[in-house]
Amino acid sequence: MTAGNRIRNRGQQERTGIWWWCGQVLSWLVLFIVLALIAIMIVVPKLGGATAFTVLTGSMRPHLPPGTLVVVKPIDPEQLRIGDVATYQLESGEPEVVTHRVSAIGASLGRGAQFIFRGDANNTDDEPVQPEQIRGKLWYSVPYLGYVNSALSIQQRTWLTWIAAGGLIAYSLVMLAGAWHDHRREKASCRSTHR
């Protein structure tokens, strides 16, 4: 066995050993998790015209415990039905919101339609809600991801998206350069063994 063949065999063993495979699986798993989190928290809501909120209280237990990320899609309030989970503003035009289940739909004199909400774990209904207070209907929810959503500002989420995209591009370039380098080394090794 020539020195070139020994070096090539050692390189192949390094790339097929248990630690090499563990490293590959771990790196792809981490990459997949980061991409999935970015997609769930940022990309899918933005593409769907939705907004992500974090459940802060236990009023919607057991289905939406504290720390759950809820993604709410805008909806015409007339399409809401009893049993739907929706997010509404506590005060019209104010940023503070609540995500509860529609327990009744009615009308009041001179004010038009009104929605009555109640948290699944609450014993009493919320104050009546006007259609203009409704931000949207629950599209999907992910347990525990709300903690991450609350910890990151909008600017930090944007940076995280750009960093992940840059990381993917860099990782692809490194893999491409590694494959190109291995191919050139293999060609050089083949040439030296044929001489």
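This text goes with the structure placed above it.
Residues numbered from 1 in each chain as written. Predicted model: local features only at pLDDT ≥ 70, side-chain atom pairs only at ≥ 80, totals over all residues. Heavy atoms only, no water.

So, the side chain of Asp84
Right, on to step 1. The topology assignment puts Asp84 in the loop between strand E2 (69-73) and strand E3 (85-89).
Right, on to step 2. A distance of 2.8 Å separates a polar side-chain atom of Asp84 from the backbone nitrogen of Arg81.
Right, on to step 3. If near-sequence neighbours (up to four positions away) are discounted, Asp84 is found in contact with Gln79, His100, Arg101, Val102 and Lys137. (Helix = DSSP H or I, 4+ residues; strand = E, 2+ residues; numbered from the N terminus. Polar contact = N/O pair within 3.5 Å; in protein donor to acceptor, adjacent residues only side chain to side chain. Contact = heavy atoms within 4.5 Å.)

Examining the nonpolar core
Right, on to step 1. In this structure, Ile38, Met41, Ile42, Ala50, Ala52, Leu69, Val71, Val142, Leu145 and Ala164 together form the largest nonpolar core, which totals 10 residues.
Right, on to step 2. Every element with two or more residues in this core is listed here: helix H2 (18-47) and E2.
Right, on to step 3. A total of 3 residues in this core trace back to one element, the largest contributor, which is H2.
Right, on to step 4. Ignoring anything within four residues of it in the chain, the contact list for Leu145 reads Leu37, Ile40, Met41, Gly67 and Leu69.
Right, on to step 5. Counting 9 residues, the second-largest nonpolar core is a separate cluster that includes Tyr88, Phe115, Phe117 and Val129. (Core = buried A, V, L, I, M, F, W, Y, C linked by side-chain atoms within 4.5 Å. Buried < 20%, exposed > 50% of the residue type's maximum accessible area, 1.4 Å probe, protein only.)

Digging into unusual backbone geometry
Right, on to step 1. For the bond running from Arg61 to Pro62, omega is 0°, close enough to zero to count as cis.
Right, on to step 2. Note on placement: Pro62 falls in the loop between strand E1 (51-54) and E2.
Right, on to step 3. At Tyr144, a position not held by glycine, the phi torsion is positive, near 70°.
Right, on to step 4. Tracing the chain through its elements places Tyr144 in the loop between strand E6 (134-142) and helix H3 (145-151).
Right, on to step 5. Among the residues examined, Tyr144 registers a relative accessible area of 63% and is labelled exposed.

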